[in-house]
Amino acid sequence: MLIQKPKGTFDILPEEANQRQHIEKKIRKILSNYNYDEICTPTFEKTSLFKRSIGEETDVVSKEMYSFNDDEFTLRPEMTAPVVRAYLENSMYNEFPVQKLFYFTNMFRHERPQAGRYREFYQYGVEVIGSNDYTVDAEVIALGLQVLKEFGIRDIVTKINNIGTLQERELFINDLKKYLTKYLKVLSLDSQRRFEKNPLRILDSKEPTDIEILENAPVLYEYLSEETKEFFTNLIELLKEMRIRFEVDYKLVRGFDYYTSTTFEVISDELGSQNAIFGGGRYDMLVEQLGGKPTPAIGFACGIERLMIVLNKSKYQYPQKERLKLYLVSIGEKARRFAIKTAIELRKKNFKCGTDLLVRSVKSQMKEANRLNAEYVIVIGSEELESNEARLKRMSDGIEIDVMVNKINELDYNID
Ligand code: HAM
């Protein structure tokens, strides 16, 4: 029996690999325009890093981590904590007061697989560490939205909230629990479990009964300080000036403990139940929590597979694969040896070329040249080798010119 890939993972075959490369190239260009620099961290980290930052009671840490070596290490379920760890470990705060970092890599979460939700998936994301100015919040949101716009994605909803500081949330959580106590038995099982361990997350529930109950629950925004509210108002005004369309959603709390202040999420109806394309927020306490000086920060991450689902639904036109410049058809062993040597010479000169690797007939080789969309073809047999004369054929119109066999690797492949 064939061994199959683990559940919730996927193979990326060449056609899709090309599409992903196109996506990555386009996103990297935008990130470079915004002046972000790439950061790479190990695929696994000490488990304690994620426990301390994401929070032990969150779904990701309590149920979804791939941990090994007696729980010492964990495959990264996200990149914010590793980036902050690397920022501190490498004293990056000494280089620039504000670090604008991005990553483009794979994550691992032991979730229940479904459309748009995998156990290994890819994210691109940004983390800006060192500024608490609301213009940074506007910049990262604008960046995330620009990426979608450049791929022609328009049908999206941007949700924004401010969840305040830990202190501001404390009183709210108290009041929320008081309010929910009388509904405890009718709340969904998930929400009942969260009631003790992570009550804030109940606000995120998608269960219709929970949503109904929450309609009259205390509103977190009302518990925020004047300072926090002013920060939020400034951000909202700036986003409006930038002509960014968004909705304020006071229930948007997101799933990790490190979030403070601004949170945001961009959703698409094309995605079904896993509808978030990207999401993020401020984490102004995390650097300090991981042993650094108090340092504000903000970031987001975008799921590449979810982006691709939306692109496929909108029939996004990926660029065609780069075509072969030349296919060398060979007849006989001598010609085959000549063809492969010449192809390698030409490749060194930056031409994309192909040869037959299956000792096929001329007809099959021509078919292959067509399949590969070769721009030019040269047929080489013993006659051509002996006379040092061959024909260079342009496939688009069949025009042929004479070429010298020993000069094939010196041509510029441009019949005019
Ligand atoms: P997150 O909301 O967990 O945030 O993930 C960000 C995005 O990754 C989601 O919106 C979704 O597109 C994609 N994603 C998440 N889980 C899966 C999955 N199982 N399969 C496929 N795609 C998935 C974070 O990861 C935070 N680190 C974002 C952040 C950066 N916050 C501040 N800085």
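What you are looking at is a predicted structure, and each value in this text was computed from that prediction instead of being measured.

**Q** Honestly, the packing of helix H2 (residues 47-54) against helix H4 (residues 80-89) in this entry has me stumped. Any pointers?
**A** The relative placement of two packed helices is expressed as an angle between their axes plus a distance between the axes. Closest axis-to-axis distance for the H2/H4 pair is 9 Å, and the angle between their directions is 110°. The orientation of H2 relative to H4 falls into the category roughly perpendicular. Each of Leu-49, Phe-50 and Ser-53 in H2 lies in contact with H4, whose residues at this interface are Ala-81, Pro-82 and Arg-85. Among the residues forming the contact of H2 with H4, the class breakdown is 4 nonpolar, 1 polar and 1 charged.

**Q** Got a minute to help me understand the site of the ligand in this structure?
**A** As a matter of local geometry, the ligand sits amid 27 residues, with Glu-78, Glu-111, Tyr-118, Glu-127 and Tyr-259 nearest to it. Tyr-259 places a polar side-chain atom, nitrogen or oxygen, 2.6 Å from a nitrogen atom of the ligand. Contact with the protein chains hides 96% of the accessible area of the ligand, taken as 660 Å² for the molecule alone. Elements that contribute at least two residues to the shell around the ligand include exactly strand E6 (120-129), strand E10 (276-282) and strand E11 (297-303). Ranked by the residues each element gives to the shell around the ligand, the list is headed by E10, at 6 residues. The residue inventory of the shell around the ligand, partitioned by class, reads 12 nonpolar, 8 polar and 7 charged.

**Q** How should the side chain of Glu-384 be read in this particular structure?
**A** With respect to the secondary-structure elements, Glu-384 resides in helix H14 (residues 382-387). At 8.6 Å, Arg-391 is the nearest oppositely charged side chain to Glu-384, a buried residue that forms no salt bridge. With residues up to four places along the chain from it excluded, the contact list for Glu-384 reads Val-379, Glu-389, Ala-390 and Val-405.

**Q** Please clarify how the side chain of Arg-109 should be interpreted in this entry.
**A** By the element assignment, Arg-109 lies in the loop between strand E5 (99-108) and E6. Setting aside residues no more than four positions away along its own chain, Arg-109 makes contact with Val-60, Glu-64, Tyr-66, Pro-77, Glu-78, Tyr-118, Arg-119, Phe-121, Gln-123 and Phe-256.

**Q** Explain the sheet that holds strand E8 (residues 247-248) here, please?
**A** Across a sheet, paired strands are connected by hydrogen bonds in the backbone, their directions being either parallel or antiparallel. Pairing is mixed across the open sheet formed by 8 strands, whose spatial order is E1-E5-E6-E11-E10-E9-E7-E8. Of all the strands in the sheet, the pair left with one neighbour each is strand E1 (37-38) and E8. Across the face of the sheet, helix H1 (residues 14-33) comes into contact with E1, E5 and E6 while running at roughly 160° to E5.

**Q** What should I look at first to understand unusual backbone geometry in this one?
**A** Note on backbone geometry: most residues besides glycine have negative phi, and most peptide bonds are trans. The backbone of Asp-70 sits at a positive phi, close to 55°, despite the residue not being glycine. Position of Asp-70 relative to the elements: it lies in the loop between strand E3 (67-68) and strand E4 (73-75). Positive phi is not limited to glycine here, since Lys-315 has a value of about 55°. With respect to the secondary-structure elements, Lys-315 resides in the loop between helix H11 (304-313) and strand E12 (326-330). On the basis of relative accessibility, which here comes to 66%, the residue Lys-315 falls in the exposed class.

**Q** Even after reading the chapter, I still don't get helix H9 (residues 226-241), so can you show me in this structure?
**A** In an α-helix, one turn spans 3.6 residues; hence positions three or four apart end up facing the same way. Look at H9: 22 Å from first C-alpha to last across 16 residues, which is about the 22 Å you get at 1.5 Å a residue. All of the buried residues along H9 are Thr-228, Lys-229, Phe-231, Phe-232, Leu-235, Ile-236, Leu-238 and Leu-239. Of the surrounding secondary structure, the elements contacted by the buried residues of H9 are helix H5 (134-150), strand E7 (157-162), helix H6 (166-181), E8, strand E9 (260-267) and E10.

**Q** Can you help me understand the pattern of salt bridges in this one?
**A** This model, assessed by the stated rule, comprises 28 salt bridges. Between Glu-38 and Arg-28 there is a salt bridge, and its shortest N-O distance comes to 2.9 Å. Placement of Glu-38 in strand E1 and of Arg-28 in helix H1 is noted, with a sequence separation of 10 residues between them. Judged by relative accessible area, Arg-28 falls into the partly exposed class, the value being 27%. The salt bridge involving Arg-391 is made with Asp-402; its shortest N-O contact spans 2.5 Å. Here Arg-391 is found in strand E15 (residues 389-394), whereas its partner Asp-402 is found in strand E16 (residues 400-404), with 11 residues between them in sequence. Classification of Arg-391 by relative accessible area gives partly exposed; the value is 40%.

Procedures and definitions
- Residues numbered from 1 in each chain as written.
- Predicted model: local features only at pLDDT ≥ 70, side-chain atom pairs only at ≥ 80, totals over all residues.
- Heavy atoms only, no water.
- Axes fitted to C-alpha atoms, helices over the stretch in contact; angles between N-to-C directions.
- Helix = DSSP H or I, 4+ residues; strand = E, 2+ residues; numbered from the N terminus.
- Parallel < 35°, antiparallel > 145°, perpendicular 65-115°, else oblique.
- Contact = heavy atoms within 4.5 Å.
- Nonpolar A, V, L, I, M, F, W, Y, C, P; charged D, E, K, R; others polar.
- Near = heavy atom within 4 Å.
- Polar contact = N/O pair within 3.5 Å; in protein donor to acceptor, adjacent residues only side chain to side chain.
- Areas by Shrake-Rupley, 256 points an atom, 1.4 Å probe, with all protein chains shown as cover.
- Buried < 20%, exposed > 50% of the residue type's maximum accessible area, 1.4 Å probe, protein only.
- Lys, Arg positive; Asp, Glu negative; His and termini not counted.
- Salt bridge = Lys/Arg side-chain N within 4 Å of Asp/Glu carboxyl O.
- Pairing = 2+ DSSP bridges.
- Expected span 1.5 Å × (residues − 1).

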